[in-house]
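# Tertiary structure, described
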Amino acid sequence: MQVHDYDVVIVGAGGAGMRAAIESGQRARTAVLTKLYPTRSHTGAAQGGMCAALANVEEDNWEWHTFDTVKGGDYLVDQDAAEVMAKEAIDAVLDLEKMGLPFNRTPEGKIDQRRFGGHTRDHGKAAVRRACYAADRTGHMILQTLYQNCVKHGVEFFNEYYVLDLIMTDVDGVRRPAGVVSYELATGEIQIFRAKSVVFATGGFGKIFKTTSNAHTLTGDGVAVTYRNGLPLEDMEFFQFHPTGLAGLGILLSEAARGEGGVLRNSEGERFMERYAPTIKDLAPRDIVARSMANEVREGRGCGPNKDYVLLDLTHLEPAHIDAKLPDITEFARTYLGVEPYTEPVPVFPTAHYAMGGIPTNIKAEVLANNTDVVPGLYAAGECACVSVHGSNRLGTNSLLDINVFGKRAGIAAAEYAKTAQMPELPEAPEARVVEMIETMRSAAGTETIGAIRKDLQDTMDANVQVFRTDETLRKALDDIAALRERYRNIGIHDRGKRYNLDLLEAVELGFLLEIAEVVTVAAIHRKESRGGHFREDFPNRDDEHFMHHTMTYLDPTSEAEGIAGMRLETKPVVITRYQPMERKY
Amino acid sequence: MTANPEATTAEPASKVAIPEHLGGGAGDIPSFECTFQIARFLPEQDSEPHFEEYKVTMYGTDRVLDALHKIKWEIDGSLSFRRSCAHGVCGSDAVRINGRNRLACKTLLKDLDTDKPIVVEAIKGLPLEKDLIVDMEPFFQSYREIMPFLITSGPEPTRERLQSAEDRERFDDTTKCILCAACTSSCPVFWTDGQYFGPAAIVNAHRFIFDSRDDGGDLRLDVLNDKEGVWRCRTTFNCTEACPRGIQVTQAITEVRQAILQRAF
Ligand SMILES: Cc1cc2nc3c(=O)[nH]c(=O)nc-3n(C[C@H](O)[C@H](O)[C@H](O)COP(=O)(O)OP(=O)(O)OC[C@H]3O[C@@H](n4cnc5c(N)ncnc54)[C@H](O)[C@@H]3O)c2cc1C
Ligand code: SF4
Ligand code: FES
């Protein structure tokens, strides 16, 4: 067994992982392990923008941004964290510009800014231009710029290394990480990376759903691995459904389309958001717009042969304006639906987009072992983490911000910790679990296929755990997941080889998805209220008296939660500093 | 790319007429049989790649990537290829489809002749690892050699560096690159001489050479003036045709050549 020793190991090379690596790499011996080549990470798919109260085009300040983030998250946001993010946003954008990011510019040559849903002037008075952007490929430019700077600083990457387990050890009665167990795609070799600090930055898990804007590879590996090691997951019931996915495909059309003036229409041609959010209309937060769309379809005002989508209308915009500001997404509409957005409205429907929940951390990006204690030396940042700056609903452009602010914090903290910590001793045979899992899987000759189980999982999640949820639909999903986990035991794979065995890895990823889908559903059953991205038809109102708290889900063989054995649910208080919860109206 | 906030149009109408075909009745999408010939190479068994044929039922709206998935998930799980985003932004799945380099996720079956078998092979010029997977290291090595990062001199400004919209527009085209290698691996010069930097590295050098904020142009031009640099390009335009991002690759190479010539040595 090959063992590599590093001060810091970062798992994931998307925006969060590489932002961490730039900091950590200059302070400590750092390795970045990533299952994809860094530039393939899904940060590159982000389109619309990254917000910061630069006030380059109109009056703005970080306090308004904090308020919008808290209100947008339906008051489940930890307000200390939101404040940190909004304050550090300005430097986060300027850092990227100095690293070379080609932002769009104002006539004076400053970074240009545009509108985005839920971002307002003076606590909701009107929409504000806060999103910094590079056409509609802001995420692409962030990912490229961060990779370029990793090249500049000589960051050490281990590309196509899958991290499949976290090694935990006891030091003087305190549990802390000793490294990770990885699987090298090219060779099939299992290797250990021993380290003083470990940072998880493995991104989201949208692939638990069928219709999603997420990449095939977003299977929640880091989240599942942490959970399997007995650490909690926070607020997993909150998943964001983005209003404008290409109908039937889920490919995202950025909210920038509405920020630049596009509007949603039903089969009667009505701009229906005027009814649901009279003040900011099409630029209301995503959960409200997505539910309004789904409601139009349920009430029979959907479009198309099956009346199952609505339309995004850009036809009143100048083609030159569309070309300058939205070139990529209009090309998606042309390529994948054969629709010409200059002259025709584009079929759209909500698509599973963003995980608000994940590995709980504090504002220093330290992972929490429970409500009060941290795991020394373990950090998480980006979509896999839950700080919580997004609460129950993330505002558009706040994630590219989150990955930069908390990625940077995680990188600095991990390196600083490594400076004083001792290299941990490895426990005996730390790779044993992974070796067993891989060997069982490689020889698995059952009758069930990965493809069929994954499809059935995604179907039940779309049908039962999507925009509208009830106790009944959620329990149906839980039953289905239990049956699928049973089938998963009888899986068969074709590829018995060691080199580039993606068949094997898809089976492992499916195991992660099943685990996460169950946690999401159980947490959703627990939350008998509606808040942000979590809407319960049987409990349509927000219930601050009983549910103004985060949920913390643990894997626990001795316990049960909502009828599921082996899980434990606890609650964690929300940090409230400036803003008392109010009704969320737009 | 003029950044004029006033350019947004006035408030759109509350109600408009919706085109007939979107109101309903567009009918079902037809499905059809498709034959794929895929170059398979299992490094633990084979010494040479060979073709295998697969028949699958597909829809016209499907992409080649959907067909590859269908084969992998329903017929033979050992078929190996890279992919991630599935909509042409991550650069994972450049392959040769009917002899042309394209992204599998951006090639719709309706745009191919499905009466004939569709031939899918790994891209050429990079070491073949397995099925449709090649070793990308040599490709990224060339990319790293052109110093693909902003190089500046003088003190850091406190705020952002200023750049006019026109200066920003100057290198817009080459910022779109997703490092998929479709261009480099379609280049006949690269096939015969793996030392040649290849179009993608030059595109990424262009992105910085023409960025008004960058002071490292001379360093990069020195690198590209090398015998394995821009002068090896024979302007066959394969790269421009192959680029899934629509980048004017050959033009970028030409502009870099001109920059070298205009510079006083
Ligand atoms: C289509 C789309 C558009 C978006 N637009 C915007 C926007 O305009 N503004 C905004 O703020 N947000 C946007 N978002 C959200 C935002 O882009 C993401 O939340 C964010 O980029 C996530 O970054 P990350 O670094 O956490 O993860 P990712 O970029 O997904 O990176 C995950 C990394 O983890 C690695 N990894 C995963 N599992 C393993 C493993 N087992 N072992 C080793 N490595 C592993 C992967 O290789 C990858 O490098 C958008 C999201 C999507 C899907
Ligand atoms: S220039 Fe085009 S073809 Fe070449 S690597 Fe970049 S995106 Fe791919
Ligand atoms: S899968 Fe990302 S470009 Fe094709």
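These figures come from a predicted structure and were not determined experimentally.

## Comments concerning the overall build of chain B
On a plain count of helices and strands, chain B comes out with nine helices and seven strands. Its C-alpha atoms give chain B principal-axis dimensions of about 65 × 60 × 35 Å. Taking all 265 residues of chain B together, the buried fraction comes to 57%. About 11,600 Å² of surface is accessible on chain B, with carbon and sulfur atoms providing 50% of the total. Between the centroid of the 31 positive side chains of chain B and the centroid of its 41 negative side chains there is a distance of 1 Å.

## Quick notes on the sheet that holds strand E19 (residues 549-561) of chain A
All names here are of chain A. Ordered in space as E10-E19-E20, the three strands form an open sheet in which the pairing is antiparallel. Of all strands in the sheet, those with a lone pairing partner are strand E10 (233-234) and strand E20 (564-573), marking the two edges. Note that E10 and E19 share two bridges and pair antiparallel. The residue bridging Leu-233 from the neighbouring strand is Thr-553, located in E19. Contacting E10, E19 and E20, helix H5 (residues 221-228) runs over the sheet at an angle of about 55° to E19.

## Let's talk about the environment of A:Lys87
Note on placement: A:Lys87 falls in helix H3 (residues 79-99). Along the primary structure A:Lys87 and A:Glu63 are separated by 24 residues, whereas in three dimensions their C-alpha atoms are 8.0 Å apart.

## Some details on the pairing of strand E9 (residues 190-200) of chain A
Residues and elements named next belong to chain A. Among the eleven residues of E9, eleven are classified as buried, and the element is accordingly described as predominantly covered. Alignment of strand E8 (residues 174-184) against E9, held across five bridges, turns out to be antiparallel. Opposite Ser-182, over in E9, you have Gln-191 as the bridge partner. In this structure, the hairpin formed by E8 and E9 is closed by a connection of five residues, where Gly-188 is found at a positive phi of approximately 75°. Across three bridges, E9 lies against strand E17 (residues 374-380) in parallel orientation. The residue bridging Val-198 from the neighbouring strand is Leu-378, located in E17.

## Quick look at the domain arrangement of chain B
Residue and element names in this part refer to chain B. Assigned domains of chain B: these are domain 1 (31-134) and domain 2 (137-152 + 165-264). Relative placement of domain 1 and domain 2: their C-alpha centres are 28 Å apart. On the side of domain 2, 15 residues touch domain 1, which itself brings 15 residues to the contact. Carbon and sulfur atoms make up 62% of the area that domain 1 and domain 2 hide from each other, which totals about 1,100 Å². If you sort the residues of domain 1 by the area they bury against domain 2, Asn-101, Lys-124 and Leu-126 come out on top, with a joint share of 41%. Applying the counting rule to domain 1 against domain 2 returns zero salt bridges. Summed over the shared surface of domain 1 and domain 2, the result is three residue pairs in polar contact (both at pLDDT 80 or more). Secondary-structure elements contributing two or more residues to the side of domain 1 that touches domain 2 are strand E3 (94-97) and strand E4 (100-103). If you tally residues by element for the side of domain 1 that touches domain 2, the top one is E4, at three residues.

## Focus: the interface of chain A and chain B
Listed per partner, the contact involves 89 residues of chain A and 83 residues of chain B. Regarding the contact of chain A and chain B, the summed buried area is about 7,200 Å², with carbon and sulfur atoms giving 51% of it. Applying the counting criterion to the chain A and chain B interface returns eight salt bridges. Between chain A and chain B we count 41 residue pairs in polar contact (both at pLDDT 80 or more) in total. For the side of chain A that touches chain B, the secondary-structure elements that each account for two or more residues are H3, helix H4 (138-152), strand E12 (263-265), strand E13 (310-313), helix H9 (319-325), helix H10 (327-337), helix H13 (450-464) and helix H15 (502-526) of chain A. For the side of chain A that touches chain B, the element with the most residues is H4(A), which contributes seven residues.

## What about a nonpolar patch on the surface?
A surface patch of nonpolar side chains, about 240 Å² in accessible area, is lined by A:Met1, A:Val3 and A:Val435. Given the relative accessible area of 54%, A:Met1 is considered exposed.

## Here's the deal with the side chain of A:Thr145
All names here are of chain A. Mapped onto the secondary structure, Thr-145 falls in helix H4. What makes Thr-145 buried here is its relative accessible area of 0%. Look past the residues within four positions of Thr-145 in its chain and what remains in contact with it is Leu-96, Met-99, Gly-100, Leu-101 and Pro-102.

## Let's talk about the site of ligand 2
Every residue lining ligand 2 is accounted for by B:Cys177, B:Ile178, B:Leu179, B:Cys180, B:Ala181, B:Ala182, B:Cys183, B:Ala200, B:Cys243, B:Pro244, B:Arg245 and B:Ile247. Of the residues assigned to the shell around ligand 2, the class counts are eleven nonpolar, no polar and one charged.

## Here we look at the packing of H3(A) against helix H11 (residues 398-420) of chain A
Residue and element names in this part refer to chain A. Where H3 contacts H11, the two axes come as close as 8 Å, and the packing angle between them is 90°. In this view, H3 runs roughly perpendicular relative to H11, as classed from their interaxial angle. Residues Ala-81, Val-84, Met-85, Glu-88, Ala-89, Ala-92, Asp-95 and Leu-96 of H3 form the contact with H11, whose own contacting residues are Asn-398, Leu-401, Asp-402, Asn-404, Val-405, Phe-406, Lys-408 and Arg-409. Its residues assigned to classes, the contact of H3 with H11 shows nine nonpolar, two polar and five charged.

## Let's talk about unusual backbone geometry
Residue A:Ser388 follows A:Val387 across a cis peptide bond; omega there is 0°. Topologically, A:Ser388 is positioned in the loop between strand E18 (385-386) and H11.

## A look at the packing of aromatic side chains
Each aromatic ring pair is characterised by the separation of its centres together with the angle its planes make. Residues and elements named next belong to chain A. Applying the stated rule across the entire model yields 18 aromatic pairs over all chains. For the pair Tyr-6 and Phe-193, a centre-to-centre distance of 6.3 Å together with 20° between the ring planes defines the contact as stacked. Here the residue Tyr-6 occupies a position in strand E1 (residues 2-11), and Phe-193 occupies one in strand E9, the gap between them amounting to 187 residues. Considered together, Tyr-6 and Phe-193 belong to a single accessibility category, that of buried residues.

## Overview of the sheet that holds E4(B)
All names here are of chain B. Pairing within the open sheet is mixed, and its five strands lie in the order E2-E1-E5-E3-E4. Strands at the two margins of the open sheet, each flanked by one partner only, are strand E2 (50-59) and E4. Averaged over all pairs of adjacent strands, the angle between strand axes in this sheet comes to 35°, irrespective of strand direction. In this sheet, strand E5 (residues 118-121) lies alongside strand E1 (residues 31-40) in parallel orientation, the contact comprising three bridges. By the bridge assignment, Ile-38 is partnered in E5 with Val-120. Of the strands in this sheet, E1, E2, E3 and E5 are in contact with helix H2 (residues 64-75), which crosses E2 at around 105°.

Calculation criteria
Residues numbered from 1 in each chain as written. Chains lettered and ligands numbered in written order. Predicted model: local features only at pLDDT ≥ 70, side-chain atom pairs only at ≥ 80, totals over all residues. Heavy atoms only, no water. Helix = DSSP H or I, 4+ residues; strand = E, 2+ residues; numbered from the N terminus. Buried < 20%, exposed > 50% of the residue type's maximum accessible area, 1.4 Å probe, protein only. Areas by Shrake-Rupley, 256 points an atom, 1.4 Å probe, with all protein chains shown as cover. Lys, Arg positive; Asp, Glu negative; His and termini not counted. Charge placed at Lys NZ, Arg CZ, Asp CG, Glu CD. Pairing = 2+ DSSP bridges. Contact = heavy atoms within 4.5 Å. Axes fitted to C-alpha atoms, helices over the stretch in contact; angles between N-to-C directions. Domains from an automatic or database assignment. Buried area = accessible area lost by both parts, 1.4 Å probe. Salt bridge = Lys/Arg side-chain N within 4 Å of Asp/Glu carboxyl O. Polar contact = N/O pair within 3.5 Å; in protein donor to acceptor, adjacent residues only side chain to side chain. Patch = residues over 30% accessible without salt bridge, like charges linked within 9 Å, V, L, I, M, F, W, Y side chains within 5 Å. Near = heavy atom within 4 Å. Nonpolar A, V, L, I, M, F, W, Y, C, P; charged D, E, K, R; others polar. Parallel < 35°, antiparallel > 145°, perpendicular 65-115°, else oblique. Phe/Tyr/Trp six-rings, centres within 6.5 Å; stacked < 30°, edge-to-face > 60°.

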